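Structural overview for review
Each chain, written out:
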Amino acid sequence: MALGDCWKQLSWFYYQYLLVTALYMLEPWERTVFNSLLISVAAMAVYTGYVFVPQHIMAILNYFEVVQ
Amino acid sequence: CKNGPGTGVANSLPRHEPFEQAPMYVAVMTYLGYGLVTLFGYFRDFLRAVGLEKCHVAQERSEQKDFVPLYQDFENFYNRNLYMRVRDNWNRPICSLPGPVFDLMERISDDYNWTFRFTGRTIPNVINVGSYNYLGFAENNVDFLKTVAEKTQEYGVGVCSTRQEIANLSLHQELEQLVANFLGLESSMAFGMGFATNSMNIPALVGKGCLILSDELNHTSLILGARLSGATIRVFKHNNMHSLEKMLREAICSGQPRTHRPWKKILIMVEGIYSMEGSVVRLPEILALKKKYKAYLYLDEAHSIGAVGPTGRGVTELFNVNAADVDIMMGTFTKSFGACGGYIAGKKVLVDYIRRHSHSAIYATAMSPPVTEQVIRAMKCIMGQDGGDEGIRRVRQLAENTRYFRARLKEMGFIIYGNDDSPVVPILLYMPAKVVAFAREMLRRKIGVVVVGFPATPITEARARFCLSAAHTRPMLDQVRLLRPLRLHNCGCFLSMPITISQR
């Protein structure tokens, strides 16, 4: 069924991620620490984007005199 | 057409020996992976120093804190933080003979590989692609081992002395005569340990005032022997004839450092097959260089004797050169003959000199009689002197297995180093976690491989090494290659390997 396949595909991607970043060799709590750090950095980046990107886009459009 | 007669060098078939580079993203990922584990290693060391975590490794005592630190160098750091985490893939205890299939003892660890305990079960019938069993002589077939049993009954097992004192058995002389006949040389001498053959005999051959030109990827025994001898050592790039020639010319022109006197001897040390790459030495070109510049050649055929060549005589037969052109032929009995020990063969003058001047000949215990008889019977089998064609069948089977396995692996798109004729097949895995996952998953699927990482290979070129054997059957090889973490297109596969450039 589609959900099972989706889950299998996601597990495979997570496994590849563990292998490529060498997290596979670390203990589970170390993996949790690294994953939380990574997710928090990514979340902060997304939040910053959400807050500031509209202002930046308006400033750029203003500069090129597309909108006043 | 006035091209004239071709030389032997030009006529030999160009052997296809690629050393492919990995794609850039693979190298970057490998460094990132190592960087991450190193950072966590520093973090764990900090926790151990502060006392939040129990330290399982050796530590200095508090009274020694003012002295030079013992455990802070990179090697110890690597050992504590990278090797210890994953060391269940090495030193696995075996409880059967290392034939084409073997049994492993099952062991598990409760504290992330700091300690192990045996569960009491064995893992039976694991396919063995890690042992150096090229011709399949590591066997316990009663018919083949009859002469070994007879000699053990006649001579016992211990010799209790050295060759020079009172343990020069007639069996040893028979072995040496047989080895000399096998290689087509005048005379040979056999030693009890392969590593000691190199490290103890090179000091007898060269000394201060001599020059050793050794290949970049030579084995530790050659390097140790060269260092012990006290000669000047210069290293040339692996299998690179331009580098070697440049060094020879420079050495002959400028002589010894500081005094500029001519070198007493120049010795070129190479191996027949390099065990970590599977590449074969360029013998005809080295012989041409040696003759031109009047140097001597030391050829270490540890992996290639018995395993290459149409009748198993090694790289000299593979390239169709005269074995007497190589000044010192060395080899071991460990790999293709299923025994232990090594030999040095060459002119009678050379071997007689070694008999009197080598540390191993004078001080080391002689070879044990059952081991000697095992080598004798294996060699007679290969030469066909025992009346059958079992030996030649094994040599042909090994060549066929090698060609088949390498061709199929290349088809599947892996990066493989080495010559097409060499039975040592290293598959590059690059990333440290992939190496570990590969070994564990292969064991789960009942295939025992040897994976090698940093100290034995460059840090970015971790690999898995397959050693093929004449005792492997076609179904076994298929099981190994199909059950592997393979098939980049199939999402069921779990270790996507970097594919070769040719397949893009």
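Reading the values: the criteria
Residues numbered from 1 in each chain as written. Chains lettered and ligands numbered in written order. Predicted model: local features only at pLDDT ≥ 70, side-chain atom pairs only at ≥ 80, totals over all residues. Heavy atoms only, no water. Helix = DSSP H or I, 4+ residues; strand = E, 2+ residues; numbered from the N terminus. Rg over C-alpha atoms; globule rule 2.2 N^0.38 Å. Areas by Shrake-Rupley, 256 points an atom, 1.4 Å probe, with all protein chains shown as cover. Contact = heavy atoms within 4.5 Å. Buried area = accessible area lost by both parts, 1.4 Å probe. Salt bridge = Lys/Arg side-chain N within 4 Å of Asp/Glu carboxyl O. Polar contact = N/O pair within 3.5 Å; in protein donor to acceptor, adjacent residues only side chain to side chain. Nonpolar A, V, L, I, M, F, W, Y, C, P; charged D, E, K, R; others polar. Disulfide = S-S within 2.5 Å. Buried < 20%, exposed > 50% of the residue type's maximum accessible area, 1.4 Å probe, protein only. UniProt positions renumbered as here; feature names shortened; annotations may be inferred. Patch = residues over 30% accessible without salt bridge, like charges linked within 9 Å, V, L, I, M, F, W, Y side chains within 5 Å. Lys, Arg positive; Asp, Glu negative; His and termini not counted. Charge placed at Lys NZ, Arg CZ, Asp CG, Glu CD. pLDDT = per-residue confidence, 0-100. Phe/Tyr/Trp six-rings, centres within 6.5 Å; stacked < 30°, edge-to-face > 60°.

For the rest of this paragraph, the subject is the overall build of chain A. The helix and strand inventory of chain A stands at 2 helices and 0 strands. Against the globule reference of 11 Å for 68 residues, chain A gives a C-alpha radius of gyration of 20 Å, more extended than a compact globule. Here the C-alpha coordinates of chain A stretch approximately 55 × 35 × 15 Å along the principal axes. About 5,200 Å² of surface is accessible on chain A, with carbon and sulfur atoms providing 77% of the total.

In many reports, interface size means the accessible area that the parts give up when they come together. On the side of chain A, 19 residues touch chain B, which itself brings 25 residues to the contact. Between chain B and chain A the total buried area reaches about 2,000 Å² when both faces are included, carbon and sulfur atoms providing 69% of it. For the pair chain B and chain A, the interface holds 3 salt bridges. A salt bridge links glutamate 30 of chain A to arginine 85 of chain B, with the shortest nitrogen-to-oxygen separation between them at 2.8 Å. Along the contact surface separating chain B from chain A lie 3 residue pairs in polar contact (both at pLDDT 80 or more). Where the side of chain B that touches chain A is concerned, the elements lending two or more residues are helix 2 (24–50) and helix 15 (432–444) of chain B. By residue class, the composition of the side of chain B that touches chain A is 18 nonpolar, 2 polar and 5 charged.

Next up on the list: the state of the cysteines. A covalent bond between the sulfur atoms of two cysteines is what we call a disulfide. Residues and elements named next belong to chain B. Summed over all chains, the structure comprises 0 disulfides over all chains. Not engaged in a disulfide, the cysteine cysteine 160 finds its nearest cysteine sulfur in cysteine 340; these two sulfurs lie 16 Å apart. Judged by its relative accessible area of 73%, cysteine 160 falls in the exposed class.

All names here are of chain A. Mapped onto this numbering, the UniProt entry annotates "transmembrane region" (unreviewed entry) at residues 12–27 and 33–53. Segment residues 12–27 splits into 56% helix and 0% strand. End C-alpha atoms: 19 Å apart. Structurally, residues 33–53 is divided into 100% helix and 0% strand, and its ends, taken at the C-alpha atoms, are 29 Å apart.

The next point concerns a positive patch on the surface. Taken together, the side chains of Lys208, Arg258, Lys264 and Lys265 of chain B present a region of like positive charge at the surface. Mapped onto the elements of the fold, lysine 264 of chain B is located in the loop between helix 8 (241–254) and strand 6 (266–271).

Residue and element names in this part refer to chain B. For chain B, mean pLDDT is 86; residues scoring 70 or higher make up 92% of the total. At the level of individual helices and strands, chain B shows its lowest average pLDDT in helix 1 (residues 8–11), which scores 37, and its highest in strand 7 (residues 296–300), which scores 95. Here residues 1–14 scores under 50 on pLDDT; set against residues more than four positions off or in separate chains, the count is 5 contacts. Below a pLDDT of 50 lies the segment residues 499–504, which in the model reaches 15 contacts outside its immediate sequence neighbourhood of four places, other chains included. Interface confidence in the predicted complex, given as ipTM, is 0.85; pTM for the same model is 0.85.

Okay, the UniProt feature "domain: Aminotransferase class I/classII large" (unreviewed entry) in chain B next. As recorded in UniProt, the feature "domain: Aminotransferase class I/classII large" (unreviewed entry) lies at residues 125–480 of chain B. Span residues 125–480 of chain B is 42% helix and 16% strand, its end C-alpha atoms 13 Å apart.

Moving on, we get to the environment of serine 229 of chain B. All names here are of chain B. Inspection of the secondary structure puts serine 229 in helix 7 (residues 220–229). A C-alpha to C-alpha distance of 9.4 Å links serine 229 and cysteine 210, two positions 19 residues apart in sequence. Non-local contacts of serine 229, meaning those with residues more than four positions away in its chain, are made with Ile202, Pro203, Val206, Gly207, Lys208 and Ile212.

This paragraph deals with the packing of aromatic side chains. All names here are of chain B. In this structure the tally under the stated criterion is 17 aromatic pairs over all chains. For the ring pair tyrosine 42 and phenylalanine 77, a centre distance of 4.9 Å and an interplane angle of 35 degrees mean the geometry is tilted. One end of the pair, tyrosine 42, is in helix 2; the other, phenylalanine 77, is in helix 3 (residues 74–83), and 35 residues separate them in sequence. A relative accessible area of 53% means that tyrosine 42 is categorised as exposed. Ring geometry for phenylalanine 74 versus tyrosine 78: centroids 6.1 Å apart, planes at 50 degrees, classification tilted. Taken as a pair, phenylalanine 74 and tyrosine 78 lie in helix 3 at a separation of 4 residues, close to a single helical turn.

With that out of the way, let us pick up the pattern of salt bridges. Two side chains that carry opposite charge are able to pair once their charged atoms sit near each other. Residue and element names in this part refer to chain B. One pass over the full model with this rule turns up 30 salt bridges over all chains. Between arginine 463 and glutamate 277 there is a salt bridge; the shortest N-O distance is 3.1 Å. Of the two residues, arginine 463 sits in strand 13 (residues 462–467) while glutamate 277 sits in the loop between strand 6 and helix 9 (283–293), which places them 186 residues apart along the sequence. Pair check on accessibility: arginine 463 and glutamate 277 agree, each one buried. Between aspartate 420 and lysine 410 there is a salt bridge, with its nearest N and O atoms 3.0 Å apart. Of this pair, aspartate 420 sits in the loop between helix 14 (390–412) and strand 10 (424–430) while lysine 410 sits in helix 14, placing them 10 residues apart in sequence. When its relative accessible area of 29% is taken as the criterion, aspartate 420 is described as partly exposed. The structure contains a network of salt bridges with shared partners spanning Glu139, Arg377, Glu390, Arg393 and Arg394.

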